[in-house]
Every structure is written in structure tokens, then in C-alpha cells.
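# A look at the structure
The chain contents come next:
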Amino acid sequence: MSSNASALSGLKVLIVDDAPDILAVTKLILTNYFAQVITATTGAEGLKQVQAHKPDVIVSDIGMPQMDGYQFIREVRNLPADNGGRTPAIALTAFTRREDRAKAFAAGFQKHLSKPVDLHALIETIASVSTR
């Protein structure tokens, strides 16, 4: 770990991903950097977690069944600010084309990272979008 560890210390991060292995690894990485990690395996569950826990940052997959990441973040953006509607969000996805990035930003994500993600890029991006 590096000095970036302190940048995530106590930061509440919601990870939304339907792949259990990716969810577990991402949680482990962020926990090792002292973030408080909340997880959800669906967009609908993620929406409930946003309202219940008011995370500092959301990291969400795009390609999920029922409610994809685009729809999930649009639903988050429709929430009142005090209910999580303005929570900074990062798309973490295998959809890496220019138009995929543009679609993620248009839906309401502030950043777009490609899977597989570089550990340092993930940590730095989470720290950079945090408003705390």
C-alpha cells in the first residue's frame, strides 16, 4: 500500500456488481485501503443501499441484468440530494469504447474505468471524486 491508503480511510464506498468474484476482490482491495465498503449485486439493491447508507462514492458495473448500470445511476440521480442523488459515481466496466464512455457520463457517472482495473487507478479515482 502507498500514501493513497489515507485518502480512502473511513470513506464509505458502495460497490455494485453482479459478478460475485469481482465484488469480493474489489471489496477486499478497498477494505485494505481502509474504506468502509458496502456491496450490492443488483442495481435495485444498490439503489436501496444508496438511500440507507449514503455512501461517499459509488463504484458500479454497467452490464448487469434487470437494471443495468446506466439505469441504476439515472435512478440515483433522480433521488433528492440528501437521499444520495448527488453521490459521486464511477463506472467500472468492460464496455470501453468511446461511445460507452460518453453514455456513462451522460447517464450520470463522473468517471469511467475499464475492467480489468489497475489497482492504483481505482484508488486514485475513488479519492479524486470523493467530496469529503
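Just so it is clear, the model here is predicted, and its values are computed rather than measured.

Within the open sheet, the 5 strands sit side by side as β2-β1-β3-β4-β5. Their pairing is parallel. At either end of the open sheet lies a strand with only one pairing partner, and these are β2 (36-40) and β5 (111-114). The average angle at which neighbouring strand axes cross in this sheet is 20 degrees, direction not considered. Sheet topology places strand β4 (residues 89-93) next to β5; 4 bridges connect them, and they run parallel. Bridging from a neighbouring strand, A91 pairs with H112 of β5.

Moving on to the confidence of the model for the protein. With 95% of its residues at a pLDDT of 70 or more, the protein has an overall mean of 92. Confidence, expressed as mean pLDDT per element, reaches its minimum in the protein at helix α1 (residues 4-8) with 68 and its maximum at strand β3 (residues 57-60) with 98.

Attention now goes to the packing of helix α2 (residues 20-32) against helix α6 (residues 119-129). Across the interface, α2 lies against α6 with an axial gap of 11 Å and an inter-helix angle of 65 degrees. It follows that α2 is roughly perpendicular to α6 by the angle criterion. For the pair α2 and α6, the crossing hand works out as right-handed. Across from T26, I29 and L30 in α2, the residues of α6 making contact are L119, L122, I123 and I126.

The buried fraction of strand β1 (residues 12-16) is high, at 4 of 5 residues. Sheet analysis places β1 next to β2, joined by 5 bridges and oriented parallel. Looking at the pairing, K12 lines up with Q36 of β2. Read from β1 through α2 to β2, the crossover connection turns out right-handed. Here β1 runs beside β3; their pairing, made up of 4 bridges, is parallel. Looking across to β3, one finds that I15 is bridged to V59.

Relative to the 18 Å expected for 13 residues at 1.5 Å per residue, α2 spans 18 Å between its end C-alpha atoms, a close match to the ideal helical length. Immediately downstream of α2, the backbone of F34 shows phi near 70 degrees, a positive value.

Okay, the pattern of salt bridges next. Applying the stated criterion across every chain yields a total of 4 salt bridges. Between K115 and D61 there is a salt bridge, and its shortest N-O distance comes to 3.3 Å. Placement of the pair is K115 in the loop between β5 and α6 and D61 in the loop between β3 and α4 (69-77), with a sequence separation of 54 residues. Looking at D61, the relative accessible area reads 6%, which means it is buried. For the salt bridge of D100 with R97, the shortest nitrogen-to-oxygen distance reads 3.0 Å. On the basis of relative accessibility, which here comes to 8%, the residue D100 falls in the buried class. Bridged by salt links that share partners, the residues D17, D61 and K115 form one connected network.

Bringing α4 into the picture now. Of all the positions in α4, only G69, Y70, F72, I73 and V76 are classed as buried. Buried residues of α4, seen end-on, are gathered within an arc of 160 degrees and therefore sit on one face of the element. Contacts from the buried residues of α4 go to β1, α3 (43-53), β3, β4 and α5 (98-107). With a side-chain oxygen lying 3.1 Å from the backbone nitrogen of Y70, the N-terminal cap of α4 falls on D68.

Here is what the cut-offs are and how they apply
- Residues numbered from 1 in each chain as written.
- Predicted model: local features only at pLDDT ≥ 70, side-chain atom pairs only at ≥ 80, totals over all residues.
- Heavy atoms only, no water.
- Pairing = 2+ DSSP bridges.
- Helix = DSSP H or I, 4+ residues; strand = E, 2+ residues; numbered from the N terminus.
- Axes fitted to C-alpha atoms, helices over the stretch in contact; angles between N-to-C directions.
- pLDDT = per-residue confidence, 0-100.
- Parallel < 35°, antiparallel > 145°, perpendicular 65-115°, else oblique.
- Left-handed = near helix turned anticlockwise from the far one by under 90°.
- Contact = heavy atoms within 4.5 Å.
- Buried < 20%, exposed > 50% of the residue type's maximum accessible area, 1.4 Å probe, protein only.
- Right-handed = clockwise from strand over helix to strand, strands pointing away.
- Expected span 1.5 Å × (residues − 1).
- Salt bridge = Lys/Arg side-chain N within 4 Å of Asp/Glu carboxyl O.
- Arc of directions from axis to C-beta.
- Polar contact = N/O pair within 3.5 Å; in protein donor to acceptor, adjacent residues only side chain to side chain.

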